[in-house]
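# Residue-level structural notes
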Amino acid sequence: MKVLVSGAGGQLGTDLLAAFGRPGHHDVLGATRSEMDLAERSSVLAAVTGWRPELIVNAGAWTAVDACESDPDRAFRVNALGPRHLAEAAARVGAHLVHVSTDYVFDGTKDDPYTEWDPTAPASVYGRSKLAGEQEVLAGAPGAAVIRTAWVCGVHGANMVKTVLRLSAGGGPLRFVDDQHGCPTFTDDLAGMIYRLGVDRRPGLFHVTNQGPTTWFGFARDVVAAAGRDPGMIEPITTAELDPPRPAPRPRNSVLDNAALRLSGVPLLAEHHEPLERTVAALLA
Ligand SMILES: NC(=O)c1ccc[n+]([C@@H]2O[C@H](COP(=O)([O-])OP(=O)(O)OC[C@H]3O[C@@H](n4cnc5c(N)ncnc54)[C@H](OP(=O)(O)O)[C@@H]3O)[C@@H](O)[C@H]2O)c1
């Protein structure tokens, strides 16, 4: 199958290229922003109609959550119009489109995990722009899939695991919020599930995360412990105690019930400690 991965230079995009590009698997083309700018319709149409992929996986987005608050036009240009352009291009060549979205489409006020059928209510510009992107894909590309994930980390790019490893190398104390809940999700596992759903051409909305909720405080402690350092250097604070406060509100509850996978009988991704150990070992090797 000919597979086009957009946002190919990002942390998830890099592992998607690895998953689809394994020897003997698929003919994969990775497009970074300079090769296909999602915000530019002509750029997207030229790349897609030029290469004519059978599957397009979009891992590209403007993911600077706080910066989105002060530049909503850029956020919507990339995160909402970008998916519109991809949907149009996918329809032109008959490609199946898989688009990646986020827990930030929810405001986090629900006490239980969010299913795919819960009403959305984004509280940030980033979340509103990503929700608009979902709507563009589902309306514009019949049979497309939208995969919502959360708390993404891996070996490539910037993420919480790398930040904690860097900061904890100098000793503590380090403070992390203990009142935001989510499931850390590792890019190699996530790429594997996107591979499976994409090759299957499964349509619709899916929540895909590693299993096992924690808080940023709990996760930071686990990262430090996995590195053989003292988890006692990590201290809990509340979101209200963050100084300075962050411009974009974060959901208090980001836990996504992978209900569509579960009810379809698809095995869920591993509990997050398993990929965490593997990722920390790779980063410290
Ligand atoms: N990170 C998380 O915790 C998280 C959580 C939930 C959902 N997600 C979603 O997961 C997906 C992958 O995220 P990630 O963590 O891999 O993000 P990332 O590392 O920031 O990668 C995003 C990629 O998109 C590219 N991009 C930005 N603007 C673009 C444009 N106009 N045209 C083409 N490409 C563009 C970026 O390229 P440049 O660097 O050149 O700008 C970057 O390589 C995104 O849809 C994100 O919304 C992420």
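Residues numbered from 1 in each chain as written. Predicted model: local features only at pLDDT ≥ 70, side-chain atom pairs only at ≥ 80, totals over all residues. Heavy atoms only, no water.

Turning our eyes to something else, we now look at the packing of helix 1 (residues 11-20) against helix 7 (residues 187-199). At their nearest, the axes of helix 1 and helix 7 sit 8 Å apart, and the two run at 55 degrees to each other. It follows that helix 1 is oblique to helix 7 by the angle criterion. With respect to the hand of their crossing, helix 1 and helix 7 are arranged in right-handed fashion. Judged by residue contacts, Gln11, Leu12, Asp15, Leu16, Ala19 and Phe20 of helix 1 engage Thr187, Asp188, Leu190, Ala191, Ile194, Tyr195 and Val199 from helix 7. Residues of the contact of helix 1 with helix 7, tallied by class, amount to nine nonpolar, two polar and two charged. (Axes fitted to C-alpha atoms, helices over the stretch in contact; angles between N-to-C directions. Helix = DSSP H or I, 4+ residues; strand = E, 2+ residues; numbered from the N terminus. Parallel < 35°, antiparallel > 145°, perpendicular 65-115°, else oblique. Left-handed = near helix turned anticlockwise from the far one by under 90°. Contact = heavy atoms within 4.5 Å. Nonpolar A, V, L, I, M, F, W, Y, C, P; charged D, E, K, R; others polar.)

To continue, consider the sheet that holds strand 2 (residues 27-31). Strand order across the open sheet formed by six strands is 2-1-3-4-5-10, with parallel pairing between neighbours. The two strands at the open ends of the sheet, each matched to only one other strand, are strand 2 and strand 10 (204-207). Going across the sheet, the axis of each strand differs from the next one's by a mean of 20 degrees, ignoring polarity. Sheet analysis places strand 1 (residues 2-6) next to strand 2, joined by five bridges and oriented parallel. Paired with valine 5 across the bridge in strand 2 is glycine 30. Sheet strands touched by helix 2 (residues 41-51): strand 1, strand 2 and strand 3 (55-58). Its angle to strand 1, the strand with the most contacts, is close to 160 degrees. Sitting on the sheet, helix 7 touches strand 3, strand 4 (96-102), strand 5 (145-149) and strand 10, and the angle it makes with strand 4 is about 145 degrees. (Pairing = 2+ DSSP bridges.)

This part covers helix 8 (residues 216-226). Looking at helix 8, one finds that the buried residues are Trp216, Phe217, Gly218, Phe219, Ala220, Val223 and Val224. Glycine 228 sits one or two residues past helix 8 and shows a positive phi near 75 degrees. (Buried < 20%, exposed > 50% of the residue type's maximum accessible area, 1.4 Å probe, protein only.)

Another point: the nonpolar core. With 28 residues, the main nonpolar core has Val161, Phe176, Phe219, Val223 and Ile234 as its most contacted residues. Where this core is concerned, the elements lending two or more residues are helix 6 (160-168), strand 7 (174-177), helix 8, strand 12 (234-237) and helix 10 (273-284). At six residues, the largest contribution of residues to this core is made by helix 8. Contact partners of phenylalanine 219, with chain neighbours within four places excluded, come to Cys153, Met160, Val161, Pro184, Phe186, Thr214, His272 and Leu276. (Core = buried A, V, L, I, M, F, W, Y, C linked by side-chain atoms within 4.5 Å.)

Near the ligand there are 25 residues, and of these Asp37, Leu38, Thr63, Tyr126 and Lys130 occur at the shortest range. One of the side-chain nitrogen or oxygen atoms of threonine 63 is found 2.7 Å away from an oxygen atom of the ligand. In this structure, an oxygen atom belonging to the ligand sits 2.6 Å away from a side-chain N or O atom of tyrosine 126. Taken by itself the ligand offers 890 Å² of open surface, and the protein chains cover 81% of this. The set of elements that each furnish at least two residues to the shell around the ligand consists of helix 1, strand 4 and helix 5 (125-140). Sorting elements by how many residues they give to the shell around the ligand places strand 4 first, with three residues. (Near = heavy atom within 4 Å. Polar contact = N/O pair within 3.5 Å; in protein donor to acceptor, adjacent residues only side chain to side chain. Areas by Shrake-Rupley, 256 points an atom, 1.4 Å probe, with all protein chains shown as cover.)

Along the chain, the position of arginine 84 falls in helix 4 (residues 72-93). We classify arginine 84 as partly exposed; its relative accessible area is 43%. Sequence separation between arginine 84 and alanine 132 is 48 residues; the distance between their C-alpha atoms is 9.2 Å. In terms of polar contacts, arginine 84 uses its side chain to reach the side chain of glutamate 136, at 2.8 Å.

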